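Descriptive structure summary
Read off the chains here:
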Amino acid sequence: MRIILLGAPGSGKGTQGPVLAEHFGATHVSTGELLRGHMGDLTELGRLVSQFVRSGELVPDEIVLELLWEPITKAAADGGFILDGFPRNLRQAELAFKRALMAGVTADAVVYLAVPDDAVRTRLVARAAQEGRSDDLDPAVTERRLGIFHAETGPLLDFYRARDLLVTIDASGPPDEVGAAMIAALDR
Ligand code: AMP
């Protein structure tokens, strides 16, 4: 199974990604986690992307696509992938679609975790206290990430709806209910 997971920051992608991965015997691949891993390891790439991530801006499309490609093709050959955090805009979707088409690894479904903005704000405050992610700590950064989500990632919903791939899940409830709703919708 090859699934793309879309949703605002704090919509639960990082929680539900592993749930889907377990259910479908696929690998959870998160671009945010890959980027934070490089930043934590102080790699050259980590240094290059850290300013974008810390300020809540998108990392340039080509960098993310390169970072992602090896883990994605590997996962596709081994049970599939649950892709979390990519694509973030139409250009990424189009670039990746061309490559995926050539490699025979296009997505089977796109799950959109829908959560109202105010719930996102509350969740990110809680996550900042728990995980200490620098991009969750500053309300101005949260607003920037929400703004980018609506302006740049939002149009992807129509892109995937038009391709008949979009499955929208109300993700404002407790994680176990959201997980169950997601799996029920996908199994249908
Ligand atoms: P996330 O963990 O998905 O919330 O991502 C955290 C941050 O990583 C984002 O605010 C961006 O700075 C960066 N990022 C993650 N995925 C992407 C992507 N597909 N394109 C550009 N930047 C990304």
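Preceding this paragraph is the structure being described.
Quick caveat, the model's predicted, so the values are computed rather than measured.

**Overview of the overall build of the protein**
When helices and strands are counted, the protein shows 10 helices and five strands. What you see for the protein is a C-alpha radius of gyration of 16 Å, in line with the 16 Å of a compact globule of 188 residues. Here the C-alpha coordinates of the protein stretch approximately 40 × 40 × 30 Å along the principal axes. Residue pairs at least 24 apart in sequence account for 74% of intrachain contacts in the protein once pairs closer than 6 positions are excluded. Just so you have it, the protein exposes about 9,300 Å², and 54% of that area is on carbon and sulfur atoms. Here the protein contributes 19 positive and 27 negative side-chain charges, whose respective centroids are spaced 3 Å apart.

**Some words on the packing of aromatic side chains**
Given two aromatic rings, their pairing is described by the distance between the two centres and the angle made by the two planes. For the coordinates displayed, the defined rule picks out one aromatic pair. For the ring pair Phe 159 and Tyr 160, a centre distance of 5.0 Å and an interplane angle of 85 degrees mean the geometry is edge-to-face. For the pair shown, Phe 159 and Tyr 160 are each scored as buried. Above the face of the Trp 69 ring, Arg 99 is positioned so that its terminal group lies 4.6 Å from the ring centre. Lying across the ring of Phe 159, Arg 163 places its NZ or CZ 3.8 Å from the centre.

**Quick word on unusual backbone geometry**
A cis geometry characterises the amide bond from Phe 86 onward to Pro 87, with omega recorded as -5 degrees. Along the chain, Pro 87 turns up in the loop between β3 (81-84) and α5 (90-103). Phi at Leu 42 takes a positive value of approximately 55 degrees, unusual for a residue other than glycine. Its place among the elements puts Leu 42 in the loop between α2 (31-40) and α3 (44-55). A positive phi is found at Asp 164, a non-glycine position, where the angle reads about 65 degrees.

**Let's talk about the nonpolar core**
Judged by nonpolar contacts, the single largest core of 55 residues is most densely connected at Leu 6, Leu 20, Leu 83, Val 111, Leu 113, Tyr 160 and Ile 169. Considering each element in turn, this core owes the most residues, nine residues, to helix α4 (residues 61-76). Look past the residues within four positions of Ile 169 in its chain and what remains in contact with it is Val 111, Tyr 112, Leu 113, Ala 114, Val 178, Ala 181, Met 182 and Ala 185.

**Observations regarding the packing of helix α6 (residues 117-131) against helix α8 (residues 139-153)**
For the pair α6 and α8, the least separation of the axes is 11 Å and the interaxial angle reads 140 degrees. By the angle between their directions, the pair α6 and α8 is classed as oblique. The way α6 lies across α8 gives a crossing that is right-handed. Residues Asp 117, Val 120, Arg 121, Leu 124 and Arg 127 of α6 touch α8, and the partners they reach there are Thr 142, Glu 143, Arg 145, Leu 146 and His 150.

**Digging into the site of the ligand**
Residues in close proximity to the ligand total 17 residues, the closest being Thr 31, Arg 36, Glu 57, Gly 85 and Gln 92. A distance of 2.7 Å separates a nitrogen atom of the ligand from a polar side-chain atom of Thr 31. One of the backbone N or O atoms of Gly 85 is found 2.9 Å from a nitrogen atom in the ligand. Out of a free accessible area of 480 Å², the ligand has 97% covered by protein chains. Among the detected pockets, the ligand sits in the largest pocket. Taken together, the residues of the shell around the ligand sort by class into seven nonpolar, four polar and six charged.

Conventions and cut-offs
Residues numbered from 1 in each chain as written. Predicted model: local features only at pLDDT ≥ 70, side-chain atom pairs only at ≥ 80, totals over all residues. Heavy atoms only, no water. Helix = DSSP H or I, 4+ residues; strand = E, 2+ residues; numbered from the N terminus. Rg over C-alpha atoms; globule rule 2.2 N^0.38 Å. Contact = heavy atoms within 4.5 Å. Areas by Shrake-Rupley, 256 points an atom, 1.4 Å probe, with all protein chains shown as cover. Lys, Arg positive; Asp, Glu negative; His and termini not counted. Charge placed at Lys NZ, Arg CZ, Asp CG, Glu CD. Phe/Tyr/Trp six-rings, centres within 6.5 Å; stacked < 30°, edge-to-face > 60°. Buried < 20%, exposed > 50% of the residue type's maximum accessible area, 1.4 Å probe, protein only. Lys NZ or Arg CZ within 6 Å of the ring centre and 35° of its normal. Core = buried A, V, L, I, M, F, W, Y, C linked by side-chain atoms within 4.5 Å. Axes fitted to C-alpha atoms, helices over the stretch in contact; angles between N-to-C directions. Parallel < 35°, antiparallel > 145°, perpendicular 65-115°, else oblique. Left-handed = near helix turned anticlockwise from the far one by under 90°. Near = heavy atom within 4 Å. Polar contact = N/O pair within 3.5 Å; in protein donor to acceptor, adjacent residues only side chain to side chain. 1 Å grid on protein atoms, 1.4 Å probe; cavity = no way out; pocket = protein on both sides within 12 Å on 5 of 7 lines; lining within 4 Å. Sits in = over half its atoms within 2 Å of the grid points. Nonpolar A, V, L, I, M, F, W, Y, C, P; charged D, E, K, R; others polar.

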